[in-house]
Amino acid sequence: MADLSRMRRDYDRPGLREEDLAPTWVEQFDRWFRDVVAADLPDANAVVVATADTDGAPDARIVLLKGYDEAGFVFGTSYASAKGAQLAANPRAALVFPWHALQRQVRVTGRVERIGDTASDDLWDPRPREAQLAAVASVQSTVVDSREELVARVRLLDEGTETEKVPRPPTWGGYRVVPEQVEFWQGGPGRLHDRLRFVRDDEEGGGWVLQRLAP
């Protein structure tokens, strides 16, 4: 086994205190996301999406977040993909925003819902044509014989629709992760990290409770 024990880093940024936290999780997320954008981090909206099938077997991948508000976090994908099948059977997910350069991460858990055709069109239409062609020509997560096969599918589709708009296929659309817990993690000296978590309290009419977690 490779010895990685010496691959350590020191955490030296200011901590995260309750009195410095925004009053809502979405306002706090917005603060941190603006910090990420200001720091010019690559793929600032990249997020790990973890799902599980009916047997509880976990799966995870990175996607690009397309939007967020108080209702939740939105991303687009193929409904026919592995994650689409998993979400159809078990509509729950966990998200991780790995903002290592700022010694931060945000963790989210919650149920998942489709956002509907109109909202999905709004995600599809701004996509570059090349990305639209790839999404239509590729049945995501299925086995293919070669890359050349995929390239040929895209080329044929491009030639057949070069003067037309590429319509959103019915198998592609948006998902919203509706948060039940949102944790803000700030690295701390000596690994005494700050972890503050907003938890939905349905017994209080859908309000939120703030908790501090041990690192």
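Not measured: the values here are computed from a predicted model.

With respect to the packing of helix H4 (residues 129-137) against helix H5 (residues 147-160)
Remark: H4 packs on H5, axes separated minimally by 9 Å, with the N-to-C direction vectors making an angle of 115°. Note on packing geometry: the crossing formed by H4 with H5 is right-handed. Where H4 approaches H5, its residues Arg129, Leu133, Ala134, Val136 and Ala137 are matched on the opposing element by Arg153, Val154, Leu157 and Asp158. Residue classes in the contact of H4 with H5 are distributed as 6 nonpolar, no polar and 3 charged.

A word on the UniProt feature "binding site: substrate" (unreviewed entry) in the protein chain
UniProt's entry tags Lys66, Arg127, Arg191, Leu192 and His193 with the feature "binding site: substrate" (unreviewed entry), counted in the numbering of this structure. These annotated residues cover 128 residues of sequence, and their C-alpha atoms reach 42.0 Å apart at the extremes, leaving them scattered rather than at a single site. Within the secondary structure, Arg127 is located in the loop between helix H3 (117-124) and H4. The class of Arg127 is partly exposed, set by a relative accessible area of 23%.

A word on the nonpolar core
Counting 31 residues, the largest nonpolar core has Phe29, Phe97, Val106 and Phe184 as its most contacted members. Elements with a contribution of two residues or more to this core: helix H1 (25-38), strand S1 (46-52), strand S4 (72-78), strand S5 (92-99), strand S6 (104-114), strand S7 (172-186) and strand S8 (194-201). Sequence-distant contacts of Val106, that is, excluding residues within four places in its chain, are made with Phe29, Trp32, Leu95, Val96, Phe97, Trp99, Val182, Glu183 and Phe184. Listed in part, the 7 residues of the second largest apolar core include Ile115, Leu123, Val166 and Trp172.

Overview of the environment of Gly207
Checked against the element boundaries, Gly207 lands in strand S9 (residues 207-213). What makes Gly207 partly exposed here is its relative accessible area of 25%. Setting aside chain neighbours within four positions, we find Gly207 in contact with Val199, Arg200 and Asp201.

Notes on the pairing of S4
Most of S4 is tucked away: 6 of the 7 residues are buried. As paired strands, strand S3 (residues 67-69) and S4 are joined by 3 bridges and run antiparallel to one another. What sits directly across from Tyr68, in S4, is Phe73. Hairpin connection of S3 to S4: 2 residues between the antiparallel strands. Alignment of S4 against S7, held across 6 bridges, turns out to be antiparallel. The partner of Val74 across the bridge, within S7, is Arg176.

Considering the packing of aromatic side chains
Within this structure, the stated rule accounts for 18 aromatic pairs. Measuring from ring centre to ring centre gives 5.7 Å for Phe75 and Tyr175, while their planes differ by 35°; the resulting arrangement is tilted. One end of the pair, Phe75, is in strand S4; the other, Tyr175, is in strand S7, and 100 residues separate them in sequence. Accessibility expressed as a relative area gives 4% for Tyr175, which makes it buried. Ring centres of Phe97 and Trp99 lie 5.5 Å apart, and the angle between their planes is 45°; this geometry places the pair in the tilted category. Residue Phe97 is classed as buried on the basis of its relative accessible area of 0%. Assessed through its relative accessible area of 3%, Trp99 is described here as buried. Aromatic ring contacts, followed pair by pair, group Trp25, Phe29, Phe33, Tyr68, Phe73, Phe97, Trp99 and Trp208 into a single cluster.

Definitions and cut-offs
Residues numbered from 1 in each chain as written. Predicted model: local features only at pLDDT ≥ 70, side-chain atom pairs only at ≥ 80, totals over all residues. Heavy atoms only, no water. Axes fitted to C-alpha atoms, helices over the stretch in contact; angles between N-to-C directions. Helix = DSSP H or I, 4+ residues; strand = E, 2+ residues; numbered from the N terminus. Left-handed = near helix turned anticlockwise from the far one by under 90°. Contact = heavy atoms within 4.5 Å. Nonpolar A, V, L, I, M, F, W, Y, C, P; charged D, E, K, R; others polar. UniProt positions renumbered as here; feature names shortened; annotations may be inferred. Buried < 20%, exposed > 50% of the residue type's maximum accessible area, 1.4 Å probe, protein only. Core = buried A, V, L, I, M, F, W, Y, C linked by side-chain atoms within 4.5 Å. Pairing = 2+ DSSP bridges. Phe/Tyr/Trp six-rings, centres within 6.5 Å; stacked < 30°, edge-to-face > 60°.

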